[in-house]
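# Remarks on the overall topology
If you want the building blocks of each chain, they are given just below.
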Amino acid sequence: MKIPKQLNELMKDGVVDDVVQQLMSGKEATIFIVRCGSEIRCAKVYKDASKRSFKKAVQYREGRHVRNSRRGRAMAKGSKFGKQEQEEIWQHAEADALFLLDQAGVRVPKPYGCFDGVLLMELITDAGHGVAPRLNDVTLTPEQARKDHATVMTQIVKMLCAGIVHGDLSEFNVLQDEVGPVIIDLPQAVNAAGNNNARAMLARDVKNMTNYYGRFAPELLKSKHAKEIWAHYEAGTLAPDTKLTGRFKESKKKADVKGVLNEVEFAAKENQERLRRIRERELLEKEEHHDHRRKKRNGKSHRRRNRR
């Protein structure tokens, strides 16, 4: 087993005592089982940006704020320093999300910290203390599917209440321990209020999970949890304990297209008038400036003639 440089450094520093085995390698990281003192934990070693295959990363970065203006400018320019900073933010995004969600009561692995591109977190196990399987490797009874689907919808609500949308949720990013589903893989988690794609991402997360559980309980496929959850969110009525029904009544009220167009036209005319006034004021100020300079020159000429 080849041990990555990052894990070797953590062993030198005493953060990790031993690497037990490699668990899996994915599109953005390689997962290892490690020993830290008497505890067995999970170490997620992020791959270099050039080796990652995660698509549309820009959509997920929207809304992630950088307090340091120098870093922000460097990332915008795409300089070497900027790319390093962007990579560091990407790597710490998952740890930040896990700490926040763990405190919010969401079923995620307990995080211990991110150290130089290595995320240390709880190892999720099954009833026999083996590594918990992913949902795509699990077969459920209709009753268990309905129960776990309700659990996942509740977790999505709690995440949204904490200001986060997973953004890539599916049966491949959920583990099944002895209690139920545990959500994993959050480096692309988005800021619900600051990302324009948040609503679409939440709808996709809900759809993916509903389609999975719908294999075992087909009646779930008719539910409309995404619209119900987002309606509560927009109305400010969403809470971690909000009871979901899976039903959502679409508004039958026709959109007032004409009214909207009239408002747009009025706003456009108002803006044109504002710009006209600004131009007139600038021209007036320019003329006054020229008059002032002309009077100043004439005054100098008059004084010179008087001296003669």
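Here is a short report on the structure shown in this document. (Residues numbered from 1 in each chain as written. Predicted model: local features only at pLDDT ≥ 70, side-chain atom pairs only at ≥ 80, totals over all residues. Heavy atoms only, no water.)

Here helix H6 (residues 198-214) spans 24 Å end to end across 17 residues, near enough to the 24 Å set by a 1.5 Å rise per residue. Here H6 has its buried residues at Ala 198, Met 201, Leu 202, Asp 205, Val 206, Met 209, Thr 210, Tyr 212, Tyr 213 and Gly 214. (Helix = DSSP H or I, 4+ residues; strand = E, 2+ residues; numbered from the N terminus. Expected span 1.5 Å × (residues − 1). Buried < 20%, exposed > 50% of the residue type's maximum accessible area, 1.4 Å probe, protein only.)

Following both chains from N to C, one finds helix H5 (residues 142-161) and helix H7 (residues 225-235) inclined at 30 degrees, their axes separated by 11 Å at the closest point. If you check the angle between H5 and H7, you find them roughly parallel. Handedness of the H5/H7 crossing: right-handed. Touching His 149, Met 153, Ile 156, Val 157 and Leu 160 of H5 are His 225, Ile 229, Trp 230 and Tyr 233, all from H7. Looking at side-chain class alone, the contact of H5 with H7 contains seven nonpolar, two polar and no charged residues. (Axes fitted to C-alpha atoms, helices over the stretch in contact; angles between N-to-C directions. Parallel < 35°, antiparallel > 145°, perpendicular 65-115°, else oblique. Left-handed = near helix turned anticlockwise from the far one by under 90°. Contact = heavy atoms within 4.5 Å. Nonpolar A, V, L, I, M, F, W, Y, C, P; charged D, E, K, R; others polar.)

Below, the discussion takes up the packing of H6 against H7. Closest axis-to-axis distance for the H6/H7 pair is 9 Å, and the angle between their directions is 145 degrees. The crossing of H6 and H7 is right-handed. When H6 is examined against H7, the residues Ala 198, Arg 199, Leu 202, Ala 203 and Val 206 are found in contact with a partner set consisting of His 225, Ala 226, Ile 229, Trp 230 and Glu 234. Looking at the contact of H6 with H7 residue by residue, the classes come out as seven nonpolar, one polar and two charged.

Along the chain, Ser 25 turns up in strand S1 (residues 18-25). Put simply, Ser 25 and Lys 47 are 22 residues apart on the chain and 9.6 Å apart in space, counted from C-alpha to C-alpha. Once residues lying within four places of it in the same chain are set aside, the contact partners of Ser 25 are Thr 30 and Lys 47. In terms of polar contacts, Ser 25 uses its side chain to reach the side chain of Thr 30, at 3.4 Å. At 3.4 Å, the side chain of Ser 25 forms a polar contact with the side chain of Lys 47. (Polar contact = N/O pair within 3.5 Å; in protein donor to acceptor, adjacent residues only side chain to side chain.)

Attention now goes to the pairing of strand S5 (residues 118-122). Where burial is concerned, most of S5 is hidden: four out of the five residues are buried. Direction of pairing for strand S3 (residues 39-46) relative to S5: antiparallel, over a ladder of five bridges. The partner of Val 45 across the bridge, within S5, is Val 118. In terms of strand pairing, strand S4 (residues 111-115) meets S5 through four bridges, oriented antiparallel. Opposite Phe 115, over in S5, you have Val 118 as the bridge partner. Between S4 and S5, which pair antiparallel one after the other, the connecting turn spans two residues, and Asp 116 there sits at a positive phi close to 50 degrees. (Pairing = 2+ DSSP bridges.)

Applying the stated criterion across every chain yields a total of one cavity of 30 Å³ or more. Within this model, the largest cavity holds a volume of roughly 50 Å³. As for the largest cavity, its lining consists of Ile 156, Met 159, Leu 160, Ile 164, Val 165, His 166, Leu 169, Leu 202 and Asp 205. Within the residue set of the lining of the largest cavity, elements represented by two or more residues are H5, strand S6 (164-165) and H6. Considering each element in turn, the lining of the largest cavity owes the most residues, three residues, to H5. Here the residues of the lining of the largest cavity sort into seven nonpolar, one polar and one charged. (1 Å grid on protein atoms, 1.4 Å probe; cavity = no way out; pocket = protein on both sides within 12 Å on 5 of 7 lines; lining within 4 Å. Points joined across faces, edges and corners; volume = space filled by probe spheres on them.)

Attention now moves to the layout of surface pockets. Where empty space is left becomes clear once a probe the size of a water molecule has been rolled over the atoms. When its volume is computed, the second largest pocket comes out at roughly 270 Å³. In terms of lining, the second largest pocket is formed by 16 residues, of which the most central are Leu 23, Ile 31, Arg 134, Leu 175 and Ile 184. Of all the secondary-structure elements, those providing two or more residues to the lining of the second largest pocket are S1 and S5.

Together, Glu 282, Glu 285, Glu 287 and Glu 288 make up a region of like negative charge exposed at the surface. By the secondary structure assignment, Glu 287 is in helix H8 (residues 257-307). (Patch = residues over 30% accessible without salt bridge, like charges linked within 9 Å, V, L, I, M, F, W, Y side chains within 5 Å. Areas by Shrake-Rupley, 256 points an atom, 1.4 Å probe, with all protein chains shown as cover. Salt bridge = Lys/Arg side-chain N within 4 Å of Asp/Glu carboxyl O. Lys, Arg positive; Asp, Glu negative; His and termini not counted. Charge placed at Lys NZ, Arg CZ, Asp CG, Glu CD.)

Glancing now at the nonpolar core. Ile 156, Leu 160, Val 165, Leu 186, Leu 202, Met 209 and Tyr 213 are the most contacted members of the largest nonpolar core, which totals 48 residues. With sequence-adjacent residues up to four places away left out, Ile 156 is seen in contact with Leu 169, Leu 202, Val 206 and Ile 229. With 11 residues, the next largest nonpolar core counts Val 34, Ala 43, Val 45 and Val 118 among its residues. (Core = buried A, V, L, I, M, F, W, Y, C linked by side-chain atoms within 4.5 Å.)

As enumerated under the stated definition, the model contains three aromatic pairs in all. A centroid spacing of 5.5 Å and a plane angle of 75 degrees characterise the contact between Tyr 212 and Phe 216, whose relative ring orientation is edge-to-face. Site record: aromatic cluster; members linked through ring pairs are Tyr 212, Tyr 213 and Phe 216. Here the basic side chain of Arg 41 rests over the ring of Tyr 112, its NZ or CZ set 3.6 Å away from the ring centre. (Phe/Tyr/Trp six-rings, centres within 6.5 Å; stacked < 30°, edge-to-face > 60°. Lys NZ or Arg CZ within 6 Å of the ring centre and 35° of its normal.)

Below, the discussion takes up the side chain of Asp 177. Tracing the backbone shows Asp 177 in the loop between strand S7 (174-176) and strand S8 (181-183). Its relative accessible area of 16% is what places Asp 177 among the buried residues. Among the polar contacts listed, one links the side chain of Asp 177 to the side chain of Arg 107, at a separation of 2.7 Å. A polar side-chain atom of Asp 177 sits 2.8 Å from the main-chain amide nitrogen of Gly 180. In contact with Asp 177, not counting residues within four places along its chain, are Arg 107, Ile 124, Thr 125, Asp 126, Ala 132 and Val 182.

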